[in-house]
Amino acid sequence: DVKVTQSSRYLVKRTGEKVFLECVQDMDHENMFWYRQDPGLGLRLIYFSYDVKMKEKGDIPEGYSVSREKKERFSLILESASTNQTSMYLCASSLRVSNQPQHFGDGTRLSIL
Amino acid sequence: AQKVTQAQTEISVVEKEDVTLDCVYETRDTTYYLFWYKQPPSGELVFLIRRNSFDEQNEISGRYSWNFQKSTSSFNFTITASQVVDSAVYFCALIQGDYKLSFGAGTTVTVRA
């Protein structure tokens, strides 16, 4: 079974802090994704990566950056956290072929105070 | 642009009732893929089914069934004889061309004992 592991289930940070969310997958998937989930809005794509050191902006990249130095690891960075970034963050991975399902981690519930 | 609409925000049923979740999508492409995911209270999204645009055959998996109708751009999901363990948020999603999934807002299903 595919395992996508996110480093924290719950995280509390302060406004202005730099925040790192880590995601690791163990199935050698080429694609990795970061989403945020908010009530009534479903999941919105922040960034995705289709290869090491490659990244593409999703629908809501503002205020975020990402890093993919190794195939199995994809990091989401909040450069200067703000209260409107309080949300549930979900990481996913998939094979490169576009019709393959994405496999998700358990999510990180991030609160910015 | 592509869009997925799940008009039902919340559905509450008593155990053993059937429940149908609606999903309507918009796309200009002839080749696309539709997905359903389940998100239990634990938070992890679980992949349920994938359907490509050329396969309109309905599918049944245990108590779950899916009705895909291209003529109405719908991909509805029915849970037969619901159980408390079916309580979750269910997402419909669409992918076309690249790797990006477009999610609906989700439908929260509550099954009462």
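Look up: the structure comes first, before these words.
Here's a quick rundown of the structure. (Residues numbered from 1 in each chain as written. Chains lettered and ligands numbered in written order. Predicted model: local features only at pLDDT ≥ 70, side-chain atom pairs only at ≥ 80, totals over all residues. Heavy atoms only, no water.)

**A closer look at the overall build of chain B**
Our working rule: Only DSSP runs of H or I reaching four residues or more are called helices, and only runs of E reaching two or more are called strands; each is numbered from the N terminus. The cut-offs for exposure are 20% and 50% of the maximum accessible area for each residue type, with area from a 1.4 Å probe on protein chains only; residues under the lower value are buried, those over the upper are exposed, and the others partly exposed. In this description, contact between two residues means that some pair of their heavy atoms is separated by no more than 4.5 Å. Here the Shrake-Rupley method, with its probe set to 1.4 Å, supplies the accessible areas, and only the displayed protein chains count as covering residues. The charge count includes Lys and Arg as positive and Asp and Glu as negative, but it does not include His or the ends of the chains. Lysine's charge is taken at NZ, arginine's at CZ, aspartate's at CG and glutamate's at CD.
A tally of regular secondary structure across chain B gives zero helices and 12 strands. Listing every helix and strand of chain B by position from the N terminus yields β-β-β-β-β-β-β-β-β-β-β-β. Taking the principal axes of its C-alpha atoms as reference, chain B extends roughly 45 × 25 × 20 Å. Here chain B holds 113 residues, and the buried ones make up 46% of them. Counting contacts in chain B only where the partners sit at least 6 residues apart, residues at least 24 apart contribute 54% of the total. Carbon and sulfur atoms make up 47% of the accessible area of chain B, which totals about 5500 Å². Counting 10 positive and 13 negative side-chain charges, chain B places the averaged centre of each group 2 Å from the other.

**Quick look at the environment of R96 of chain A**
Note the cut-off: Distance and chemistry together define a polar contact, namely a pair of N or O atoms within 3.5 Å, with one atom able to donate a hydrogen and the other to accept it when in protein, and with adjacent residues in sequence counting only for side-chain atoms on both sides.
Mapped onto the elements, R96 of chain A comes out in the loop between β9 (87-94) and β10 (103-104). Here the alpha-carbon distance between R96 of chain A and Y50 of chain A, two residues 46 residues apart in the chain, equals 7.0 Å. Leave out the neighbours within four places in its chain, and R96 of chain A touches E30, N31, Y50 and D51 of chain A together with Y99 of chain B. Here the side chain of R96 of chain A touches Y50 of chain A through a polar contact of 2.6 Å, landing on its backbone oxygen.

**Comments concerning the interface of chain B and chain A**
Where the parts come together, the accessible area they lose is often given as the size of the interface. So the rule is basically this: Note: buried area is the sum, over both parts, of the accessible area (probe 1.4 Å) each one loses when the two are combined. For salt bridges, the criterion is a side-chain nitrogen of Lys or Arg within 4 Å of an Asp or Glu carboxyl oxygen. Polar here means any residue other than Ala, Val, Leu, Ile, Met, Phe, Trp, Tyr, Cys and Pro, which are nonpolar, and Asp, Glu, Lys and Arg, which are charged; Gly is therefore polar.
Counting from both sides, the interface comprises 20 residues of chain B and, opposite them, 23 residues of chain A. In this assembly, chain B packs against chain A so that about 1800 Å² is buried in total across both faces, 57% of it on carbon and sulfur atoms. Looking only at chain B, the three residues that lose the most surface to chain A are Y99, K100 and F103 of chain B, adding up to 33% of its buried area. Between chain B and chain A we count zero salt bridges in total. Counting the contacts that link chain B with chain A gives three residue pairs in polar contact (both at pLDDT 80 or more). Contributions of two or more residues to the side of chain B that touches chain A are made by β5 (33-39), β6 (46-52), β10 (88-95) and β11 (101-103) of chain B. It is β5 of chain B that provides the largest number of residues to the side of chain B that touches chain A, a total of four residues. Of the residues assigned to the side of chain B that touches chain A, the class counts are 11 nonpolar, five polar and four charged.

**Considering the pairing of β5 of chain B**
All names here are of chain B. Using the following cut-off: Two strands pair under a simple rule: DSSP has to find at least two bridges between them.
Of all the seven residues making up β5, seven are buried; the element is thus mostly covered by neighbouring parts of the structure. Both faces of β5 are covered, namely the face carrying Y33, F35, Y37 and Q39 and the face carrying L34, W36 and K38. Both β5 and β6 contribute to a ladder of six bridges, which runs antiparallel. Across the sheet, the residue bridging to Y33 is N52, located in β6. Examined bridge by bridge, β5 and β10 share seven bridges and lie antiparallel to one another. In the sheet register, K38 faces β10, and the bridge partner there is Y90.

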